[in-house]
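# Structure at a glance
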Amino acid sequence: MQSPKATWSPRPLLNGLLATLALVIAPHTAHLPLWLSVLTTAILGARYWMARQHIALPRKWLLYALAIAAVSGVILQYKTVFGREAGVALLTLMMTLKLLEVKNERDVWLIVFLGYFMLLTHFLYNQSLFIAAYLLLVAWLFTTLLIAFSQPRAQMAWRAQFKLSAKLLLQSVPVMLVLFFLFPRISGPLWNLPSDVTSAQTGLSDSMAPGMISQLAQSDSVAFRVEFAGKLPPSTQRYFRVLVMDHFDGYAWRARRTRPLTSPLQDQDQGPGTRYTITLEPHNKPWLPVMDFVDPASLPIGSQLNSDFSVTQRELVERRKRYSATSHASLVNPIGTNANDLSRALDLPATGNPRTRALAQQLRSASRTELDFVNQALARFHNEPYVYTLRPPRLGANSIDEFLFDTRRGFCEHYASSFTYLMRAGGVPARIVTGYLSGEYNQLGNYLIVRQADAHAWSEVWLTGRGWVRIDPTAAVAPNRIEQGIANALPAGEALFLNNPSPWLRQLKFSWDTFNNSWNQWVLGYDQERQVSFFARLGFGILSWEDLSLYLLMGVGSIFGLLAILTLRPRSNDRDNVERTYALFCKRLGQVGIARDPAEGPLDFALRAKTMRPDLAPTIEAISRLYVALRYGANTKPEWVQDFSYRVTRFRARKPHTHQP
Amino acid sequence: MNAHLDPLAEKLQQTVQQAAQIILGKEHQIRLAITCLLARGHLLIEDLPGMGKTTLAHLLAQILGLQFHRIQFTSDLLPADLLGVSVYDRERNGFVFHPGPIFSQVILADEINRATPKAQSALLEAMEEHQVTAEGETRKLPEPFFVIATQNPSHQVGTFPLPESQLDRFLLRIELGYPERQAERALLTGQDRRDMLAQLSPLLDTAGLAALQAEVSGIHLSDALVDYVQALIAATRQSARFSLGLSPRGGISLIRSAQAWALLHGRRSVVPEDIQAVFVAVAGHRLRPVSGNESGSAAAQALIGSVAIP
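## Here we look at the overall build of chain B
What chain B contains, in helices and strands, is 13 helices and 11 strands. Each of the 310 residues in chain B was classed as buried or not, and the buried ones make up 41%.

Spelled out as structure tokens, the structure:
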């Protein structure tokens with residue numbers, strides 16, 4: 001029944017191959033449909049069991065049927081066989097099915113090469129440092145498998161194979177570097193990633209309803225990182241503006257379409273301002289966070305400063321973006337806002353929240369100026385028992401009334417929303433600003449990490465003669481939020497991940513983030529712009545992609561040329577190598593007082609060394625015998641050289657614990 | 001190391017062991033003597049009378065199953081006494097050659113430096129050519145042909161010291177020296193050596209010996225080893241210690257002896273230790289130290305210690 005070919009299965013190697021395939025497929029299970037993951041696992045398991053029980057591989061017709069079923073399954077699932085999702089699914093299935101017809105080394109090689117290709121597909125989903133390290137490890141395993149399968153009689157020990165493949169990978173580093181630096185980058189992503197890559201990102205949206213920001217506060221994913229050119233501004237000044245909302249429908253606040261700022265801004269104290277660079281994580285929106293108030297001249301090309309002082313760019317931020325800006329805390333626009341904007345900032349729904357309106361009237365009539373009114377409102381938040389919490393109760397139709405007078409428990413959006421409403425009801429133009437506040441300073445990397453959890457909402461009121469003034473009602477309720485960050489402002493027990501009490505863990509988190517940041521900046525962020533500036537700084541001038549391709553070919557060509565010269569050179573240094581290794585052996589013995597006289601033959605020396613160190617006699621004997629055979633014998637074998645160097649490098653004459661007084 | 005020795009080489013080991021039981025405490029010299037025989041060379045033993053030279057020669061012949069003849073050299077020895085003479089045979093009505101004692105496989109030429117140069121040269125010619133010419137006719141000597149010549153230290157009265165050119169004909173020169181205390185005690189109290197000799201049975205035959213001799217030149221010489229030999233030769237020529245360095249023939253002798261030594265020790269290739277083991281015996285009589293007080297052997301021994309193995 002069983003053809004001799006079917007029994008071809010060097011089992012330990014096959015098991016290694018199955019395990020490595022499982023490792024390379026594993027990260028994909030996060031986005032593959034369940035049936036596909038289960039099927040793949042089943043095939044891997046079946047193949048293992050078949051090899052174990054010496055069961056013949058399935059017949060051709062069964063394989064064909066399986067392959068057709070697999071392709072049909074993929075088509076049913078995705079309606080196509082092209083594109084990222086369907087492609088990966090198909091590749092995964094076919095690669096595992098190929099296992100069922102492995103008859104010789106050639107088939108194995110095919111699978112291993114498919115496996116190498118599979119490594120690449122992970123980068124279509126995830127380009128983090130972690131996945132890169134993981135895939136490097138798997139690539140190492142695959143290379144070791146290639147080595148192992150190319151020598152069926154397993155002349156090499158496993159350790160030596162792992163070592164050799166690590167060496168091979170290391171040897172490929174120069175080519176990798178040349179390709180990395182010189183491969184022409186195109187502007188925009190290299191491949192057209194489907195839009196769903198970044199859709200899962202959380203972030204601010206263009207509307208704000210109660211509970212939306214408190215939900216964001218549960219996410220510790222990074223929004224952006226900021227490097228300051230000078231000193232880190234105090235926490236109370238680190239307001240990063242993203243959106244301004246001035247339309248209230250009774251429940252949620254919405255932003256309007258933005259218009260570019262037309263009137264010039266005035267800097268009151270003419271200071272140098274704060275210069276900083278932001279690395280923004282992709283969020284699929286056109287907004288660029290900036291500190292208040294940004295100098296339009298410092299903004300990157302392609303972005304614009306809007307009339308509400310927010311900054312947007314034309315395209316959506318689909319890739320990590322790095323930009324610099326300068327902000328002046330004292331920059332004002334006393335006259336720039338047009339009447340339209342101001343009247344909008346007073347708009348309220350016709351009905352609803354009667355108690356708040358009454359309160360506004362009462363406070364307004366009791367205060368002489370607008371500023372007085374603002375302070376009275378803030379004083380109410382401060383003096384009355386309001387609670388800052390991530391878990392506010394649900395609010396009904398008259399949400400402002402309910403919050404201000406009944407529940408009195410809320411997150412920043414509740415305070416900003418009710419304060420703005422109060423202002424408008426009292427006749428003071430006011431609006432909501434959303435963005436991020438303070439962030440966490442990473443001393444290790446000297447930058448600020450701003451997470452989604454740092455999302456914040458505050459108010460701006462229009463004061464005649466002063467223009468828009470930032471008022472943060474949350475500061476009146478929970479000053480800690482502004483001064484020490486969100487983790488310290490919340491009651492104990494809320495938002496657990498934010499409270500990382502152990503400084504040790506904090507340090508670890510910072511180190512990891514620093515690493516990750518460098519990876520993002522220097523590896524993933526190496527785009528066309530950086531490539532051009534990198535080579536310009538090296539003195540190459542501005543390189544076109546044709547120049548880059550030429551240098552690329554030259555670089556790779558010279559590496560291979562050098563390798564060719566090195567490998568094709570007559571191998572006279574085997575002898576020198578043996579000599580050097582033997583010298584090391586003599587040195588190790590010399591360290592324990594058994595020095596070899598230059599005129600002493602190796603066998604005599606071995607004899608002397610053995611009588612002085614009987615504990616090492618077998619090792620000394622073996623090494624000396626190999627040396628004599630290699631240096632003086634006829635018909636030496638290359639493996640002896642390896643064996644010899646292996647033994648000598650492991651040879652230690654020093655006793656692990658000497659009994660010395 | 002002994003595991004893969006062929007039977008012949010194993011016999012060699014037994015030979016050495018047996019010989020060492022007769023000549024006590026002189027194993028190195030016994031090995032050198034056998035090495036010399038394997039390398040198809042001739043041996044010169046230089047020592048005072050009564051050190052066991054004759055016993056050694058006899059022993060070798062006995063163990064190796066060779067035919068043995070001893071010739072005592074005296075100042076009145078004539079070449080014909082060695083080579084043989086033609087005597088008129090009346091029955092055959094012609095001269096019949098009566099071969100001299102030299103027609104033998106192992107010859108002990110005792111006290112070679114007592115004979116006149118003429119007699120010496122007759123022997124030396126035979127050693128070199130493995131044939132003798134007497135009365136116009138060339139005759140082959142038996143194979144193997146192995147001469148062990150003994151020589152009293154030349155400062156003794158009534159000797160004709162061998163000139164350098166003649167000494168060069170001997171592959172090895174050894175000195176037996178006084179036995180060690182323990183060995184001598186055994187010698188003094190033990191059985192008569194001659195009786196023991198007579199009881200020995202040969203371990204090898206002519207064919208076996210010839211096969212072993214043929215193997216010597218097949219012992220591997222690596223580049224590294226030749227480097228070492230050349231370093232040694234260069235040292236003898238450059239050193240201020242010697243007035244005469246080692247000749248190319250001396251170098252060849254060194255390699256040949258080392259090969260035979262390696263074979264005797266069951267190795268298929270020569271190692272530096274082999275060279276060192278035979279160096280004094282090969283070079284001692286070929287080198288002439290500048291200082292009159294130093295013997296060639298001592299100087300050669302010192303040289304080995306000063307030349308690094310490359």
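Having seen it, we continue.
## With respect to the overall build of chain A
Helix and strand content of chain A: 24 helices and 20 strands. A buried classification covers 30% of the 661 residues belonging to chain A. Partitioning the contacts of chain A with sequence separation of at least 6, the portion at a separation of at least 24 is 72%.

## Things to note about the nonpolar core
Counting residues in each nonpolar core, the largest one holds 109 residues, and the members touching the most others are B:Ala33, B:Leu60, B:Ile148, B:Val278 and B:Phe279. Once residues lying within four places of it in the same chain are set aside, the contact partners of B:Phe279 are B:Leu232, B:Leu254, B:Ala300 and B:Ile304. Core analysis: the next-biggest nonpolar cluster, separate from the first, contains 76 residues, A:Leu280, A:Ala360, A:Ile432 and A:Trp458 among them.

## Regarding the sheet that holds strand 4 (residues 247–248) of chain A
Through backbone hydrogen bonds, the strands of a sheet pair up, either in parallel or in antiparallel fashion. Residue and element names in this part refer to chain A. The three strands lie next to each other as 1-5-4, forming an open sheet whose pairing is antiparallel. Every interior strand has two partners, whereas the edge strands, strand 1 (207–208) and strand 4, have only one. Bridging between strand 1 and strand 5 (residues 253–254) involves two bridges; their strand directions are antiparallel. By the bridge assignment, Met-208 is partnered in strand 5 with Trp-253.

## Here's the deal with the sheet that holds strand 2 (residues 222–228) of chain A
Residues and elements named next belong to chain A. As summarised here, the arrangement of the five strands in space is 12-7-2-18-17, forming an open sheet in which the pairing is antiparallel. With partners counted over all chains shown, the strands left at the sheet margins are strand 12 (321–327) and strand 17 (440–442), one partner each. Put simply, the sheet's adjacent strands are angled 25 degrees from each other on average, direction ignored. Pairing of strand 2 with strand 18 (residues 447–451) involves four bridges; the strand directions are antiparallel.

## Some words on the interface of chain A and chain B
Contact residues are listed per partner, giving 10 residues for chain A and 17 residues for chain B. Within the residue set of the side of chain A that touches chain B, elements represented by two or more residues are helix 22 (602–612) and helix 23 (617–632) of chain A. When residues in the side of chain A that touches chain B are grouped by element, the largest group, three residues, is from helix 23 of chain A. Grouping the amino acids of the side of chain A that touches chain B by side-chain chemistry returns six nonpolar, two polar and two charged.

## Describing the packing of helix 22 of chain A against helix 23 of chain A
All names here are of chain A. Between helix 22 and helix 23, the least distance of the axes is 9 Å, while the angle of their chain directions is 175 degrees. By the angle between their directions, the pair helix 22 and helix 23 is classed as roughly antiparallel. On the side of helix 22, the interface is formed by Pro-602, Leu-603, Ala-606, Ala-609 and Lys-610, while helix 23 contributes Ala-617, Ile-620, Glu-621, Ser-624, Tyr-627 and Val-628. When the residues that make up the contact of helix 22 with helix 23 are grouped by side-chain class, the tally is eight nonpolar, one polar and two charged.

## Let's talk about the packing of helix 3 (residues 60–78) of chain A against helix 4 (residues 83–98) of chain A
Residues and elements named next belong to chain A. The contact between helix 3 and helix 4 brings their axes to 10 Å, and the two run at 165 degrees. With respect to helix 4, the element helix 3 is oriented roughly antiparallel. Helix 3 and helix 4 meet at a crossing whose hand is right-handed. Mapping the contact onto sequence places Leu-66, Ala-67, Ala-70, Val-71, Val-74, Gln-77 and Tyr-78 in helix 3 and Glu-85, Ala-86, Ala-89, Leu-90, Leu-93 and Leu-97 in helix 4. A class-by-class count of the residues in the contact of helix 3 with helix 4 yields 11 nonpolar, one polar and one charged.

## Notes on the environment of B:Arg70
Inspection of the secondary structure assignment puts B:Arg70 in strand 2 (residues 68–72). Apart from the residues lying within four places of it in its own chain, the contact partners of B:Arg70 are B:Thr54, B:Leu108 and B:Asp110.

## Here's the deal with helix 9 (residues 206–216) of chain B
Residues and elements named next belong to chain B. Looking at helix 9, one finds that the buried residues are Leu-209, Leu-212 and Val-216. Viewed end-on, helix 9 has its buried residues packed into an arc of 60 degrees, placing them on one side of the element. Turned more than 90 degrees away from the buried face of helix 9 sit Ala-207 and Ala-214, all of them exposed. The inward-facing, buried residues of helix 9 abut helix 1 (7–22), helix 2 (27–38) and helix 11 (248–264).

## Concerning unusual backbone geometry
Residue B:Pro144 is bonded to the preceding B:Glu143 through a cis peptide linkage, with omega at -15 degrees. Looking at where B:Pro144 falls in the secondary structure, it is placed in the loop between strand 7 (137–140) and strand 8 (146–151). The phi dihedral of A:Lys79 is positive, around 65 degrees, even though this residue is not glycine. Turning to its location among the elements, A:Lys79 is positioned in the loop between helix 3 and helix 4. Its identity is not glycine, yet A:Asn284 carries a phi of approximately 65 degrees, on the positive side. Inspection of the secondary structure puts A:Asn284 in the loop between strand 7 (274–280) and strand 8 (287–288). For A:Asn284, a count of 14 C-beta atoms within 10 Å puts it in the partly exposed group.

## Focus: the pairing of strand 19 (residues 455–463) of chain A
Residues and elements named next belong to chain A. With seven of its nine residues buried, strand 19 lies for the most part within the structure. Sheet topology places strand 16 (residues 430–437) next to strand 19; seven bridges connect them, and they run antiparallel. Its bridge partner being in strand 19, Ile-432 is matched across the sheet by Ser-459. Following strand 19, the chain reverses through three residues before pairing antiparallel with strand 20 (residues 467–471); Gly-465 in that reversal takes a positive phi of roughly 90 degrees.

## Looking at helix 6 (residues 129–149) of chain A
Residues and elements named next belong to chain A. The end-to-end C-alpha distance of helix 6, which contains 21 residues, comes to 30 Å, matching closely the 30 Å that a straight helix rising 1.5 Å per residue would cover. Within helix 6 the residues assigned to the buried category are Val-138, Leu-141, Phe-142, Thr-143, Thr-144, Leu-145, Ala-148 and Phe-149. If you follow the buried residues of helix 6, they end up packed against helix 1 (11–25), helix 5 (105–121) and helix 7 (158–171).

## Observations regarding the environment of B:Leu254
Residue and element names in this part refer to chain B. Relative to the helices and strands, Leu-254 resides in helix 11. For Leu-254, a count of 23 C-beta atoms within 10 Å corresponds to the buried category. In this structure, the C-alpha to C-alpha distance between Leu-254 and Val-229, residues 25 residues apart in sequence, is 8.1 Å. With residues up to four places along the chain from it excluded, the contact list for Leu-254 reads Val-229, Ile-275, Val-278, Phe-279, Val-282 and Ala-283.

## Quick word on the pairing of strand 1 (residues 43–46) of chain B
Residue and element names in this part refer to chain B. Because side chains alternate across strand 1, one face comprises the buried residues Leu-43 and Ile-45, and the other comprises Leu-44 and Glu-46, equally buried. Direction of pairing for strand 1 relative to strand 9 (residues 172–174): parallel, over a ladder of three bridges. Bridged to Leu-44 within strand 9 is Arg-173.

## Let's talk about the confidence of the model for chain B
In the predicted model, chain B carries a mean pLDDT of 83, and 97% of its residues have values of at least 70. Predicted complex, confidence summary: ipTM 0.84, pTM 0.48.

## Some remarks on the environment of A:Leu23
Residue and element names in this part refer to chain A. In this structure, Leu-23 sits in helix 1. By the C-beta count within 10 Å, which is 16 here, Leu-23 ends up partly exposed. Sequence separation of Leu-23 and Val-138 is 115 residues, and the distance between their C-alpha atoms is 7.1 Å. Leaving out residues up to four positions away in the same chain, Leu-23 has contacts with Val-138 and Leu-141.

## Focus: the confidence of the model for chain A
Residue and element names in this part refer to chain A. Here chain A averages 81 in pLDDT, while 87% of its residues score no lower than 70. When the elements of chain A are averaged for pLDDT, strand 6 (residues 266–267) gives the smallest value, 63, and helix 6 the largest, 91. Segment residues 1–7 is flagged for pLDDT under 50; beyond a separation of four residues in sequence, or across chains, it makes seven contacts in the model. In this model residues 190–200 is a low-confidence stretch, pLDDT under 50, and it forms seven contacts with partners more than four residues away in sequence or in other chains.

Rules and cut-offs
- Residues numbered from 1 in each chain as written.
- Chains lettered and ligands numbered in written order.
- Predicted model: local features only at pLDDT ≥ 70, side-chain atom pairs only at ≥ 80, totals over all residues.
- Helix = DSSP H or I, 4+ residues; strand = E, 2+ residues; numbered from the N terminus.
- Buried ≥ 20, exposed ≤ 12 C-beta atoms within 10 Å, placed from the backbone.
- Contact = placed C-beta atoms within 7 Å.
- Core = buried A, V, L, I, M, F, W, Y, C linked by C-beta atoms within 7 Å.
- Pairing = 2+ DSSP bridges.
- Axes fitted to C-alpha atoms, helices over the stretch in contact; angles between N-to-C directions.
- Nonpolar A, V, L, I, M, F, W, Y, C, P; charged D, E, K, R; others polar.
- Parallel < 35°, antiparallel > 145°, perpendicular 65-115°, else oblique.
- Left-handed = near helix turned anticlockwise from the far one by under 90°.
- Arc of directions from axis to C-beta.
- Expected span 1.5 Å × (residues − 1).
- pLDDT = per-residue confidence, 0-100.

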